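Each chain is listed here by its residues.
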Amino acid sequence: MTPAQTQLTETARRIAGPRAVTTDPADIEPWLTDWRGRFHGAAPAILSPDTTQATAEIVRAARDLGVALVPQGGNTSMVGGATPPGDGSALILSTRRLRAIRNIDADARQAVAEAGAILADVHAAASDAGMRFPLTLGARGSATIGGLVSTNAGGTQVLRFGTMRRLVTGVEAVLPDGSVHDGLSPLKKDNRGYDLTQLLIGAEGTLGIVTAAALSLVPAIATRAVAWAGVGSPSDALALLRRMQAATDTVESFEILPGSTLALAVAHVPGARAPLAGAHAWHVLIEMAGSDATARLDAMLETLLGDAMSDGLVADAAIAASEAQADAFWRLRDSLSAAERAGGPASQHDISVPVDAMPRFMIEAAAAIEAAFPGTHASGFGHLGDGNIHFHVRAPAGMSAERWYGDHAARATRMVHDLVVAMGGSISAEHGIGQMKVDELTRTASPARLAALRAIKTAFDPHGLFNPGKLVTLAPDRAST
Ligand code: FAD
């Protein structure tokens, strides 16, 4: 530990008590590696204050001492966003003791939760009040509100309710100089210039630390209908989605996956079974949900799928006959990332293109990659209706992870990103940039975007002390010279 880091830990103990400082390497170790196991960092201490005020005082002390901080929530980042640098130059600033759900107001349809509150706990608290926080994802048992805000997380209900940007109505945050931005007031209108809440959403801990957020709630689900369908192609899947959206505004999830990804899940997830009897090139998982208990969504879904089968858009479909079956369909969907991880070394790309271009991207990009990298398997699964899929390039059978990542992965990723950019898309749809995509953002972003990102970072954090090495680097690059 450097003398400045030692001084900061002593100050943190004085401000927030002994529980706010962890220095035992065994207790720190689990927080030094990202969820995918791709990034390993070092940090001599974890600081975990339990109030906003204590967080602000610690951040001020860190600024004065020049100590870098890495905000960390549940550490489920898919891009190494919460993993500290490998040289031990930063301390982790964890929100694990900022876990309170301060308020649930069903009439105002709003909740205020502290940054370290776990998403599943927010779901449960909203449900106890007859409401729902309509954003969910596979990591809901670990991901925190602060992490979700800071990555502008999406998930499986974006189609209907949007990403965190739409669901967060205010943010409380400690900025890098130790000042507190109190933006939790539920204003419908606020025109005082730049929107700090929106700036902090998706900032990946580079502009300060979020300590609490105000969240929009919607009425609890009273009825839902869930189906699994086999389709011939992504364009058939999109045509089905368009039909359904024209018929009803209750479609809240529409997830696509290829048969090969389903096979991986069935092979690797204990107890998993394919929902349909036959083999299909592509599958979709559909959920319709509503707050009106009398609405017969299952009947509507059956009619829509029946018509689509008659018209040749759908080959086979199963409507969940019970909540347990619906949950089983979703468990299968939520296990896809883990199943893909078990399927061998692969490069994952969380990308988006305009929704209408996605079917073409899914077919053409996969073919182009497989042709350029013989033996690989390229395919995408995910949020078709958002124009966002997780596009994976799996190494040829038998190739070691070392060889794939060492010799091929970076080139494959560059090719995928070039194909995305050529279609007007984004190299990060919902996971953020973290440390994994910094170079690719620098390579592919326009000079205007890069210059603006750097100017904002410099204005908030001139000494680069918040989450160094993530999202945006301050060093000049080719684009700005
Ligand atoms: P962390 O991983 O701890 O941190 C993520 C980033 O936010 C880091 O840059 C960190 O520095 C910063 N950060 C964390 N807390 C704060 C704070 N209080 N203030 C400022 N910065 C902070 N994401 C999706 O969008 N959609 C999905 O469908 C999805 N599915 C997933 C499925 C699985 C199985 C897993 C493991 C992850 C998935 N993710 C998904 C990614 C991940 O869950 C989200 O990025 C989540 O928002 C991260 O929350 P966290 O608390 O774990 O944050």
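Residues numbered from 1 in each chain as written. Predicted model: local features only at pLDDT ≥ 70, side-chain atom pairs only at ≥ 80, totals over all residues. Heavy atoms only, no water.

Attention now goes to the pattern of salt bridges. Following the criterion strictly, the structure yields 21 salt bridges and no others. The residue R97 makes a salt bridge to D50 at a minimum N-O spacing of 3.5 Å. In this pair, R97 sits in the loop between β4 (90-94) and β5 (101-105) while D50 sits in the loop between β2 (46-47) and α3 (52-65), placing the two residues 47 residues apart along the sequence. On the accessibility criterion, D50 (36% relative accessible area) is partly exposed. (Salt bridge = Lys/Arg side-chain N within 4 Å of Asp/Glu carboxyl O. Helix = DSSP H or I, 4+ residues; strand = E, 2+ residues; numbered from the N terminus. Buried < 20%, exposed > 50% of the residue type's maximum accessible area, 1.4 Å probe, protein only.)

A word on helix α12 (residues 323-334). If you check α12, its first and last C-alpha atoms are 16 Å apart, about what 12 residues at 1.5 Å a residue would give, namely 16 Å. Along α12, the residues that are buried comprise A326, F329, W330, L332 and R333. End-on view of α12: buried residues confined to an arc of 155 degrees, all on one side of the axis. In this structure, α12 carries A324 and R331 as exposed residues pointing more than 90 degrees from its buried face. (Expected span 1.5 Å × (residues − 1). Arc of directions from axis to C-beta.)

In this structure, N75 takes a positive phi of about 60 degrees despite not being glycine. Assignment of secondary structure puts N75 in the loop between β3 (68-72) and β4. You will see that N152, though not glycine, has its phi angle at about 45 degrees, which is positive. Locating N152 in the fold gives a position in the loop between α5 (145-150) and α6 (158-161). Overall, the relative accessible area of 15% leaves N152 in the buried class.

The strand order β15-β12-β14-β13-β17-β18-β16 describes an open sheet built from 7 strands, whose pairing is antiparallel. Whereas interior strands pair on both sides, the edge strands pair on one side only; in this sheet they are β15 (316-319) and β16 (346-352). Going from strand to strand, the sheet's axes swing by 15 degrees on average, the running direction of each strand aside. Pairing analysis gives 7 bridges linking strand β17 (residues 377-383) to strand β18 (residues 388-394), with the strands arranged antiparallel. Paired with A378 across the strands is V393, a residue of β18. Sheet strands touched by helix α9 (residues 234-247): β12 (223-231), β13 (251-258) and β14 (282-290). Its angle to β13, the strand with the most contacts, is close to 170 degrees. (Pairing = 2+ DSSP bridges. Axes fitted to C-alpha atoms, helices over the stretch in contact; angles between N-to-C directions. Contact = heavy atoms within 4.5 Å.)

Below, the discussion takes up the pairing of β13. Of all 8 residues that make up β13, 8 are buried, and the element is covered over most of its length. Two strands pair when backbone bridges link them, and β13 and β14 are joined in this way by 7 bridges, in the antiparallel orientation. The residue of β14 that forms the bridge with I256 is V284. The sheet contact formed by β13 and β17 spans 2 bridges and is antiparallel. Paired with E255 across the strands is H383, a residue of β17.

Two numbers describe how helix α1 (residues 3-16) lies on α3: the axes approach to 10 Å, and their chain directions differ by 160 degrees. The orientation of α1 relative to α3 falls into the category roughly antiparallel. Here α1 runs over α3; the crossing is right-handed. Contacts between α1 and α3 involve A4, Q7, L8, T11, A12, I15 and A16 from the first element and A54, E57, I58, A61, A62 and L65 from the second. A per-class count over the contact of α1 with α3 returns 10 nonpolar, 2 polar and 1 charged. (Parallel < 35°, antiparallel > 145°, perpendicular 65-115°, else oblique. Left-handed = near helix turned anticlockwise from the far one by under 90°. Nonpolar A, V, L, I, M, F, W, Y, C, P; charged D, E, K, R; others polar.)

Take the packing of aromatic side chains next. Taken as a whole and assessed by the stated rule, the structure comprises 2 aromatic pairs. One cation-aromatic arrangement involves R38 over Y405; the distance from NZ or CZ to the ring centre is 4.2 Å. (Phe/Tyr/Trp six-rings, centres within 6.5 Å; stacked < 30°, edge-to-face > 60°. Lys NZ or Arg CZ within 6 Å of the ring centre and 35° of its normal.)

Taken together, 35 residues form the shell around the ligand, and within it P71, G73, G74, T76 and T144 come nearest. Here an oxygen atom of the ligand and a backbone polar atom of G154 are 2.8 Å apart. Here an oxygen atom of the ligand and a backbone polar atom of E204 are 3.2 Å apart. With the chains in place, 97% of the 970 Å² that the ligand exposes on its own is no longer accessible. Mapped by element, the contributors of at least two residues to the shell around the ligand are β3, α5 and β10 (209-216). For the shell around the ligand, the leading source of residues is α5, giving 4 residues. Along the lines of polarity and charge, the residues of the shell around the ligand split into 12 nonpolar, 21 polar and 2 charged. (Near = heavy atom within 4 Å. Polar contact = N/O pair within 3.5 Å; in protein donor to acceptor, adjacent residues only side chain to side chain. Areas by Shrake-Rupley, 256 points an atom, 1.4 Å probe, with all protein chains shown as cover.)

All quantities given are derived from atomic positions and should not be read as evidence of function.
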